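# Examination of the molecular architecture
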Amino acid sequence: MKKNKTILAVLLLLGLGYFILFWFPNSTGARDFNMTFIFEQDEPAQYPHIIRMLEPGKTFQQTLYRVFAYQHYYFGFPYYGYSALVLLPVKLFIGWENVSLNMLLLRQFVSTLPMIIAIILLVYLQTRFRSYWKSILLFVILLAVPGVVFNDMWIHPDSLTFLFIVLTFFFLDRDDLQFGKNFYLAALACGLAVGTKLIGLFFFLAIPFYIFLGWRQGRIDLRKAFVAAGLFVGIMFATFVLVNPFLYWASERAFALKTQTNLHDSMSSGFIVTYYNSPLLWLQVFQKWYGLLIFVLFAAISAVIAAFKGERRLLNQLILFWAVPFMSYIAFALVIRAKHFPLPILLPMFSSIPAYFTLVEPQKFIGPVTEYLKKNALRLGLMLVGLVIVGAQLLYSFRQDASLYTENLHREENNPNIQFYTKLERDYLSKIVLDRQLVIFRDWMMYVPNSPRYEDYFKWGVSDYQVAMQHDPDVLILNKQHIYDYTQPGQVEGAKDPDFALTVEFYKNALNGTVEGYTLLYQDDFGVVYLKTPLYEQFFASD
């Protein structure tokens, strides 16, 4: 017991150091709200809804509606509600002006902290904190996965959802086929996972297998098996409904259904244009964000070993029944290969690695050496292979992590978007003096600071003349790569929007310097800027 507590204390200290380490990069990239667009587009898509939840309405009923009907139903209320709670002290005592502080707190407490807690739980489930080197090494391996490091530096629901997934495993493990309160706490945790990001539904094989195993081993009879299944589904569904209060409004239910339907359509066929799909392309995602392919294979083998050998068989069988259908879904049904999708699949599989070392662990050394080596040669060889693979993975992870960390730490200094705006402001925009705000339309990823000098507009996705001219802008600021991406041959034929040809026309005109009513003001390899022709003639015609 003392050893267990010591290991837990060491992991908590390491986790605290890890949490503090991310404080520094997470305080960058949000000098103002518009700066968040240039690093991770999901952050500015979510942040305004969190702020809106904490803005009081004219009446108490309107305030409740603002809190619970948050309008961004890509993710559930547990994520948005928890995020709002994180910022509530800021709202009460400081105010919203410091966007950098708000983003720092959200990144730290919504992404980094739940991930640390989830990984500590995973390490406990697999090692029971009985071995110093296995527990600490596994903790470091999981926290060092590049996809985890990336996920710790943005605001997104994946860490919170992953914590609910791990809690589901945790309570099932504690229940150990007894079908008592821990089984129903697992249903609650699963309902929270479903209510946050729907992926808790991928327990659809693991839970029936767990119940079947209980029946087969004589822990419960057939009637109790059906009762347990019904109660699990009932608790999961009730939790899903209770933690998503917007479902009580018919209009919000319809809006949420439409949002999820459109999201699934985009994920399965592509945004704007049709995407090419190949399950093998996920190997590129694995290698870049999760580790060496030999390590991923090693972890998969370890998970299979753990499912059939050792003390943690049931846990690892449940992990496989969770991971295989989920991985099959994202590999074959989705064409969007987001780096964070495999995170709740691969981390539980990676956590099975101690089972390999337990299986191949050689006997304690008893001389003579030659006889010992003869008896344990195979085990020593397999142990060495495992250690080499793990060592190579750690070196790979640390190199990737150092690059990610320093890139985020210095992202404001080195970003070409900020550099583009700095030159544009210095050489051009500062020379335009009006007795009103300068109206700007920009591609969503192009940086224009929040300033009383500017009235800026953007549209997610792509634009055409009708969209760009809606607010009669003085300036158009467009991204070159974005334009190139959507003017390639065959894009119109593969477009999901029948009016996509209008987008191609607008972007081709922007490339060719022929935007109607505007004159090319500035361009480089990164972006292109147009100014209304009358303003160009007034301020720059003599240059």
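Above this text sits the structure in question.
Numbering of residues begins from 1 in every chain and follows the order in which that chain's sequence is written. It should be noted that, the model being predicted, local features are given only for residues of pLDDT at least 70 and side-chain atom pairs only at 80 or more, the latter also being counted only at that level, while totals for whole chains, interfaces and linings use all residues. With hydrogens and water set aside, each side-chain value is computed from the structure's full complement of heavy atoms.

## Structural notes on the packing of aromatic side chains
- Side-chain rings of Phe, Tyr and Trp (the six-membered ring for Trp) are treated as a pair once their centres are within 6.5 Å; stacked means planes under 30 degrees apart, edge-to-face means over 60, and tilted covers the remaining angles. Tallied over the entire structure, the rule returns 54 aromatic pairs.
- Seen from their ring centres, Tyr73 and Phe255 are 5.6 Å apart, and the 75° between their planes marks the pair as edge-to-face. Note that Tyr73 is positioned in the loop between α3 (60–68) and α4 (77–93) and Phe255 in helix α12 (residues 250–269), a separation of 182 residues in sequence.
- Residue Tyr73 is classed as buried on the basis of its relative accessible area, which comes to 3%. Helix numbers and strand numbers start at the N terminus; a helix is a DSSP run of H or I with at least 4 residues, a strand a run of E with at least 2. Three labels apply to residues, based on accessible area from a 1.4 Å probe with only protein chains included: buried if under 20% of the type maximum, exposed if over 50%, partly exposed otherwise in between.

## Let's talk about the environment of Pro342
- Topologically, Pro342 is positioned in the loop between α15 (313–332) and α16 (343–350).
- With a relative accessible area of 0%, Pro342 lands in the buried category.
- Between the C-alpha atoms of Pro342 and Ala144, which are 198 residues apart in sequence, the distance is 15 Å.
- Whether two residues are in contact is decided by their heavy atoms, any of which lying within 4.5 Å being enough. Here Pro342 is in contact with Trp282, Val285, Phe286, Tyr290 and Ile330, once residues within four sequence places are set aside.

## Remarks on the packing of helix α14 (residues 293–308) against helix α18 (residues 369–409)
- Between the N-to-C directions of two axes lies an angle of 0 to 180 degrees, each axis being a line fitted to C-alpha atoms and, for a helix, fitted only over the stretch in contact. One can describe the packing of α14 onto α18 by two numbers: an axis separation of 9 Å at closest approach and a directional angle of 130°. Accordingly, the angle class assigned to the pair α14 and α18 is oblique. α14 and α18 meet at a crossing whose hand is left-handed. On α18, the residues that touch Ile294, Phe295 and Phe298 of α14 are Gly386, Ile389, Val390 and Gln393. Each angle gets one of four labels, with under 35 degrees taken as roughly parallel, over 145 as roughly antiparallel, 65 to 115 as roughly perpendicular, and the rest as oblique. Each helix crossing is assigned a hand: it is left-handed if the near helix lies turned anticlockwise from the far helix by less than a right angle, otherwise right-handed if that turn is clockwise.

## Thoughts on the sheet that holds strand β5 (residues 527–532)
- Read from one edge to the other, the open sheet built from 5 strands follows the order β2-β1-β3-β5-β4, with strand pairing classed as mixed. Either end of the sheet is taken by a strand with one partner, and the two such strands are β2 (454–459) and β4 (518–523). In this sheet, adjacent strand axes meet at a mean angle of 25° when their direction is disregarded.
- Lying on the sheet, helix α23 (residues 500–512) is in contact with β1 (438–443), β3 (475–479) and β5; it crosses β5 at an angle near 90°. Paired strands are those between which DSSP finds at least two bridges.

## Here we look at the pairing of β5
- Of all 6 residues in β5, 6 are buried, a share of seventy percent or more.
- Strand direction decides the pairing type here: β3 and β5, joined by 5 bridges, are antiparallel. Looking at the pairing, Leu476 lines up with Tyr530 of β5.
- Both β4 and β5 contribute to a ladder of 5 bridges, which runs antiparallel. The residue of β5 that forms the bridge with Leu520 is Tyr530.
- If you look at the hairpin formed by β4 and β5, you'll find 3 residues sitting between the two strands.

## Quick notes on the packing of helix α5 (residues 99–127) against helix α6 (residues 132–144)
- Where α5 contacts α6, the axes come no closer than 10 Å and their chain directions differ by 140°. The orientation of α5 with respect to α6, classified from their angle, is oblique. Crossing of α5 against α6: the hand is right-handed. Contact residues: α5 offers Ile116, Ile119, Ile120, Leu122, Val123, Gln126 and Thr127, while α6 offers Lys134, Ser135, Leu138, Phe139, Leu142 and Leu143.
- Residues were grouped as follows: Ala, Val, Leu, Ile, Met, Phe, Trp, Tyr, Cys and Pro as nonpolar; Asp, Glu, Lys and Arg as charged; and all remaining residues, including Gly, as polar. For the contact of α5 with α6, the per-class residue count stands at 9 nonpolar, 3 polar and 1 charged.

## Some thoughts on empty space enclosed by the protein
- A cavity here means a set of points on a 1 Å grid, drawn over the protein atoms and nothing else, where a 1.4 Å probe fits but cannot get out; a pocket is an open set with protein on both sides within 12 Å along at least five of seven lines, and a residue lines either one if it has an atom within 4 Å of a point. Grid points are joined across faces, edges and corners, and a volume is the space filled by probe spheres set on the points. The final tally for this structure, using the stated rule, is 1 cavity of 30 Å³ or more.
- Space inside the largest cavity adds up to approximately 60 Å³.
- Lining the largest cavity are Trp133, Lys134, Leu137, Leu138, Ile141, Ile353, Pro354 and Phe357.
- Going through the elements one at a time, α6 and α17 (353–360) are the ones with two or more residues in the lining of the largest cavity.
- By residue number, the principal contributor to the lining of the largest cavity is α6, which donates 5 residues.

## Quick notes on the environment of Leu404
- Relative to the assigned elements, Leu404 resides in helix α18.
- For Leu404 and Gly147, which are 257 residues apart along the polypeptide, the C-alpha to C-alpha distance reads 10.0 Å.
- Excluding anything up to four places from it in sequence, Leu404 contacts Pro146, Val149, Phe150, Met153 and Trp289.

## A look at a nonpolar patch on the surface
- A cluster of nonpolar side chains, contributed by Leu13, Leu16, Ile20, Trp23 and Phe24, occupies part of the molecular surface with about 510 Å² of accessible area.
- One can find Ile20 in helix α1 (residues 2–21).
- By relative accessible area, Ile20 is classed as partly exposed at 44%. Patches here are clusters of residues that have more than 30% relative accessible area and form no salt bridge, with a 9 Å joining cutoff for like charges and a 5 Å cutoff for nonpolar side chains (Val, Leu, Ile, Met, Phe, Trp, Tyr). In this description, accessible areas are obtained by the Shrake-Rupley approach with a 1.4 Å probe, and a residue is regarded as covered only by the protein chains that are shown. Salt bridges are identified by distance alone: a Lys or Arg side-chain nitrogen within 4 Å of an Asp or Glu carboxyl oxygen.

## Observations concerning the layout of surface pockets
- There is about 360 Å³ of room inside the second largest pocket.
- Among the elements of the structure, α5, α14 and α17 are those that each provide at least two residues to the lining of the second largest pocket.
- Per-class residue counts for the lining of the second largest pocket are 5 nonpolar, 6 polar and 6 charged.

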